[in-house]
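Residue-level listing of the chains:
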Amino acid sequence: MITFITRRVLYSVPVILVASFVLFWAVRSTFDPLAKLRQAHDPAVLAREVERLGLDRSVPEQYFLWLRSLLVGDWGVSTRTGTPVLPLIGEALWPTLQLAFWGLIVAVLIAGGVSVYSAVRQYSLGDNLLTGASYIGIAMPAFWFGLILIQTFAVWPKEQFGLSEPPLFFIGLNSPGQTGVLDYIRHLVLPVAALMIALVASWSRFGRAAMLDALSSDYVRTARAKGVPRRQVIWRHAVRNSLAPFVTVVALDAAILIGGLVVTEQIFAIPGMGRLFLQSLVAGDVFVLLPWMIVVAVAVVICNLIADIAYAVLDPRVRLS
């Protein structure tokens, strides 16, 4: 197992390097880091910045200069805020990781439970209701669902019952000056609910199909024929063997989630990675956009690595191959 993990980690290094070069080339070809300076029409300042940033060199040379600075912690300065990029991304990454972590945990638990229930009770009333709900969840836009949650669980109860503050908050992850757990939970419930609705809907459909495939397998029929109790057949044989493809989908979606929280963070005013990307994109801040993409690319590779390891744990044949 250690050899398998070491090999997978070593495979990830060239993948990250290739991805970083492609992203650098794409961003460098699309954005001009000196666009604002060019508007000032000062040739001396412009020439000095071109030389300082190495923009008069070829793209591969610029990439290696940028990569060297990145590895030693010099991520540049944001043209939008005038602050160093590294702490800017660090501050934005923490709220996003919190939101993604809790969203994934809750979504996995609900989607897993729905998958098993729907597969075991295929075509029952409960299965049909959950199937219809999942289709609605997949089709529902995240921003619209988020606004419904805010109106239903924050604005309406406060106005209807004359409360001094809403039962659930919908701005940020903490009230100013508050660090308590209860305050944190009251801020977390609505964005996590808005985030996980589409995940639960799609994962439950995928999990149901994997579970149905496992329940119709020969080893399950053999276990039933031998008189193994129904509960044991479901949880020990069917669920375990349906987990491998389910884990793969969850890991891949988790990686995409880190960079795709733009809508949720914008609706709930959470200063995370999605909001930082949107603000930097509008301002054309290439010094933030590029490291931001690299962080997301590394997250994708790490989540793929976790998926491979989980797959190897659930199915030992993967390690042997």
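Because the structure is a prediction, the values reported are computed rather than measured.

> Would you mind going over the environment of L70 with me for this structure?
Relative to the elements of secondary structure, L70 occurs in helix α4 (residues 59-71). Placed 60 residues apart in sequence, L70 and L130 show a C-alpha to C-alpha distance of 47 Å. Excluding residues within four positions of it along the chain, L70 makes contact with W75 and I294.

> Is there a simple way to explain the packing of aromatic side chains in this structure?
The description of two aromatic rings rests on the distance between their centres and on the angle between their planes. The full count for this structure, using the stated rule, is 9 aromatic pairs. Summarising the aromatic geometry, the rings of Y63 and F64 are spaced 5.4 Å apart at their centres and angled 65° between planes, so their arrangement reads as edge-to-face. Judged by relative accessible area, which is 4%, Y63 ranks as buried. Look at Y63 and W66: their rings are 6.1 Å apart centre to centre, the planes differ by 35°, and that puts the pair in the tilted class. You can see Y63 and its partner W66 sitting in helix α4, 3 residues apart, about one turn around the helix. In this pair, the class of Y63 matches that of W66, namely buried.

> Please explain the nonpolar core as it appears in this structure.
Looking at soluble globular proteins, one finds that nonpolar side chains tend to be buried together. In this structure, L99, W203 and L257 are the most contacted members of the largest nonpolar core, which totals 32 residues. Elements supplying a minimum of two residues to this core: α5 (85-120), α7 (142-161), α8 (181-215) and α10 (230-259). A per-element tally of this core places α8 first, with 11 residues. Each residue touching W203, except ones within four places of it in the same chain, is listed here: L104, A107, V108, A111, S115, F246, V249, V250 and D253.

> Before we go on, may I ask you to explain the packing of helix α12 (residues 273-283) against helix α13 (residues 286-314) in this structure?
Between two packed helices, the angle of one axis relative to the other and the distance separating the axes together describe the packing. Their axes nearest at 9 Å, the elements α12 and α13 cross at an angle of 150°. Helix-helix and strand crossings are classified by hand; for α12 and α13 the assignment is left-handed. Taking contact as the criterion, the partners of M273, L276, F277, S280 and L281 in α12 are, on α13, V288, L289, W292, M293 and V295. Among the residues making up the contact of α12 with α13, the classes are represented as 9 nonpolar, 1 polar and no charged.

> Can you walk me through the pattern of salt bridges in this structure?
Pairing between side chains of opposite charge can happen when their charged atoms approach one another. Evaluated as defined, the whole model comprises 4 salt bridges. With a shortest N-O distance of 2.9 Å, R208 and D127 are connected by a salt bridge. Separated by 81 residues along the polypeptide, R208 in helix α8 and D127 in helix α6 (residues 125-139) bring together distant segments of the chain. Like R208, the residue D127 is buried in the burial classification. Its salt-bridge partner being D218, residue R221 comes within 2.5 Å of it at the nearest N-O pair. With R221 and D218 both in helix α9 (residues 218-225) and 3 residues apart, this pair spans about one turn of that helix. Judged by relative accessible area, which is 45%, R221 ranks as partly exposed.

> Just to check I follow, could you spell out the environment of I110 for this structure?
On the secondary structure map, I110 appears in helix α5. For I110, a relative accessible area of 37% gives the class partly exposed. Along the backbone, I110 and S204 are 94 residues apart, and their C-alpha atoms lie at a distance of 8.1 Å. Beyond its immediate stretch of four places on either side in the chain, I110 contacts M196 and V200.

> Honestly, the layout of surface pockets in this entry has me stumped. Any pointers?
Here the idea is plain: a probe the size of a water molecule rolls over the atoms and shows the empty space left. Size it by volume and the largest pocket reaches roughly 810 Å³. In this structure, the largest pocket is lined by 35 residues; those nearest its centre are R52, L53, W66, G76 and F287. Of all elements in the fold, only α1 (2-30), α2 (35-40), α3 (43-53), α4 and α13 reach the threshold of two or more residues within the lining of the largest pocket. Element by element, the count of residues in the lining of the largest pocket is highest for α4, at 5 residues. Its boundaries defined by the atoms lining it, the second largest pocket holds a volume of some 320 Å³. As for the second largest pocket, its lining consists of 15 residues, and the residues nearest its centre are L104, V108, V250, A251 and A254. Of the residues in the lining of the second largest pocket, the class split is 15 nonpolar, no polar and no charged.

> Which parts of the structure should I look at to understand the confidence of the model for the protein?
In low-pLDDT regions, the fine details of the predicted coordinates are not to be read closely. Residues at a pLDDT of 70 or more form 96% of the protein, whose mean pLDDT is 85. When pLDDT is averaged over each element of the protein, α5 comes out on top at 91 and helix α14 (residues 317-320) at the bottom at 63.

> So what exactly am I meant to see when it comes to the side chain of Q98 here?
Its location among the elements puts Q98 in helix α5. Setting aside chain neighbours within four positions, we find Q98 in contact with L173 and Y184.

> Even after reading the chapter, I still don't get a positive patch on the surface, so can you show me in this structure?
Residues R121, R224, R230 and R231 make up a contiguous surface patch of positive charge. Note on placement: R121 falls in the loop between α5 and α6.

Here is what the cut-offs are and how they apply
Think of each chain on its own: its residues are numbered from 1, step by step along the sequence as written. A pLDDT threshold of at least 70 governs which residues receive local features in this predicted model, and a stricter bar of 80 or more applies before side-chain atom pairs are shown or counted, although totals over entire chains, interfaces and linings include all residues. To obtain the side-chain values, all non-hydrogen atoms of the structure were used and water was disregarded. In DSSP terms, a helix is any run of H or I states spanning at least four residues, a strand is any run of E spanning at least two, and both are numbered starting from the N terminus. Contacts: residue pairs with any heavy atoms within 4.5 Å of one another. Planes of paired rings set the category: under 30 degrees apart is stacked, over 60 is edge-to-face and the rest tilted, where pairs are Phe, Tyr or Trp rings (Trp by its six-membered ring) whose centres lie within 6.5 Å. Remark: exposure states derive from per-residue accessible area (1.4 Å probe, protein chains only) relative to the maximum for the residue type, with buried under 20%, exposed over 50%, and partly exposed in between. The set of buried Ala, Val, Leu, Ile, Met, Phe, Trp, Tyr and Cys residues whose side-chain atoms join them within 4.5 Å is what this entry labels a nonpolar core. Lines are fitted to the C-alpha atoms to define the axes, a helix being fitted only along its stretch in contact, and any angle between axes, read from their N-to-C directions, falls within 0 to 180 degrees. A crossing counts as left-handed when the near helix is turned anticlockwise from the far one by less than a right angle, and as right-handed when that turn is clockwise. Amino acid classes used here: Ala, Val, Leu, Ile, Met, Phe, Trp, Tyr, Cys and Pro are nonpolar; Asp, Glu, Lys and Arg are charged; the rest, including Gly, are polar. Just to be clear on terms, a salt bridge is a Lys or Arg side-chain nitrogen sitting within 4 Å of an Asp or Glu carboxyl oxygen. Residues are said to line a cavity or pocket when one of their atoms sits within 4 Å of a point; the points come from a 1 Å grid over protein atoms alone, cavities being sets where a 1.4 Å probe fits but cannot get out and pockets being open sets with protein on both sides within 12 Å along at least five of seven lines. Grid points are joined across faces, edges and corners, and a volume is the space filled by probe spheres set on the points. Values of pLDDT, ranging from 0 to 100, describe the predictor's confidence in every residue of the model. Patch construction takes residues with relative accessible area above 30% that form no salt bridge. Like charges are linked within 9 Å, and nonpolar side chains (Val, Leu, Ile, Met, Phe, Trp, Tyr) are linked within 5 Å. Using the Shrake-Rupley algorithm and a 1.4 Å probe, accessible areas are obtained, with residue cover drawn only from the displayed protein chains. Only four residue types enter the tally: Lys and Arg on the positive side, Asp and Glu on the negative side; His and the chain ends are excluded. Positions of charges follow a simple convention, taking NZ of Lys, CZ of Arg, CG of Asp or CD of Glu.

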